[in-house]
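Now for the letters of each chain:
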Amino acid sequence: MYNMLTICSLYYKPKPTNIKGTFLREECSSIFCTKAGFNNSFEWHTEKEAIEEYGDIITERAVLIQSKENYNQLAKDMPKYFTTNTPSFGENIIVKGLKNSEICVGDLFKIEGDHSTLLLEVSSPRKPCYKIDKKHKCPYGLKGIKRHSLTNGLSGWFCRVIEEGIITETDVLIRIRQPYPKWPITRICMTLYGKGDYKIMNACKPNWSDSKESLKELINIPALAYCEWKEELEELNNKYNQ
């Protein structure tokens with residue numbers, strides 16, 4: 001198993017201004033990462049309304065990672081609309097070295113070397129919103145980048161910060177633990193958002209396509225984020241049990 005992710009670039013979201021744009025980010029060479037994410041990065045999950053609705057969202061979605069591999073795949077799949085200009089998913093970190101099919105919920109990554117105590121745990125795939133299509137000026141619905149990246153797990157992944165620490169653009173993330181190898185980002189996305197009728201697929205509605213046993217197995221993974229993932233799975237499980 002290949003266990004390294006090389007950091008390509010780091011981004012934070014500056015304090016909101018009158019400047020218009022989607023997923024505006026400033027690049028930085030190093031930044032301190034707290035339990036809530038990058039220091040002084042004004043992300044949605046740190047806003048009052050998000051915390052009031054979801055509680056643990058501030059830690060579940062602390063850091064958003066996207067990969068060069070995902071960018072390249074999207075450029076190949078949707079060349080008419082997608083370019084490899086970065087960052088275009090609102091990510092904090094862009095990495096290279098592993099495919100999305102090799103990243104699993106619960107994976108634990110540390111910074112190579114002894115200069116940082118940062119420890120990250122993969123909490124969920126990133127569920128893209130309509131802003132992805134808006135950013136790339138592509139159609140909404142079935143033919144959009146939002147739909148394609150969601151189904152195929154190409155939107156990146158969120159991480160919790162287990163231990164705070166500094167991160168730099170020259171760092172390497174080393175995977176030190178993979179407790180749930182059966183649940184890569186791709187499988188989670190494909191089984192929850194990969195099949196359904198036109199209305200389901202067009203609206204990006206959840207529709208479980210695996211067994212009830214596997215649904216319960218995924219729900220019971222402690223590392224899986226509640227916001228947008230475990231909440232959807234629990235709702236589907238309740239319908240099955242009615």
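Before reading further, recall that the structure is shown in the block above.
To start, this report covers the structure provided alongside it.

What counts, and at which threshold
- Residues numbered from 1 in each chain as written.
- Predicted model: local features only at pLDDT ≥ 70, side-chain atom pairs only at ≥ 80, totals over all residues.
- Heavy atoms only, no water.
- Pairing = 2+ DSSP bridges.
- Helix = DSSP H or I, 4+ residues; strand = E, 2+ residues; numbered from the N terminus.
- Salt bridge = Lys/Arg side-chain N within 4 Å of Asp/Glu carboxyl O.
- Buried < 20%, exposed > 50% of the residue type's maximum accessible area, 1.4 Å probe, protein only.

**Quick word on the sheet that holds strand 10 (residues 165-168)**
Neighbouring strands of a sheet are bound in pairs by backbone hydrogen bonds; such pairs are parallel or else antiparallel. The three strands lie next to each other as 4-3-10, forming an open sheet whose pairing is antiparallel. Only two strands of the sheet have a single neighbouring strand rather than two, namely strand 4 (37-38) and strand 10. Pairing analysis gives two bridges linking strand 3 (residues 30-34) to strand 4, with the strands arranged antiparallel. Residue pairing for strand 4: Cys33 is matched across the bridge by Phe38.

**Topic: the pairing of strand 7 (residues 108-111)**
Where strand 7 lies against strand 8 (residues 119-125), three bridges are found, and the strand directions are antiparallel. Bridge pairing links Phe109 to Leu120 in strand 8. By the bridge criterion, four bridges tie strand 7 to strand 11 (residues 172-177) in an arrangement that is antiparallel. Counterpart to Lys110 in the pairing with strand 11 is Ile174.

**Remarks on the pattern of salt bridges**
Per the stated rule, a full pass over the model turns up eight salt bridges. We note a salt bridge from Lys48 to Glu52, for which the minimum N-O separation is 3.9 Å. Pair noted here: Lys48 and Glu52 are both in helix 1 (residues 48-54), with a separation of four residues, about one helical turn. For Lys48, a relative accessible area of 62% translates into the label exposed. A relative accessible area of 59% places Glu52 in the exposed class.

So, to be careful, I would describe these as geometric facts and stop short of saying anything about function.
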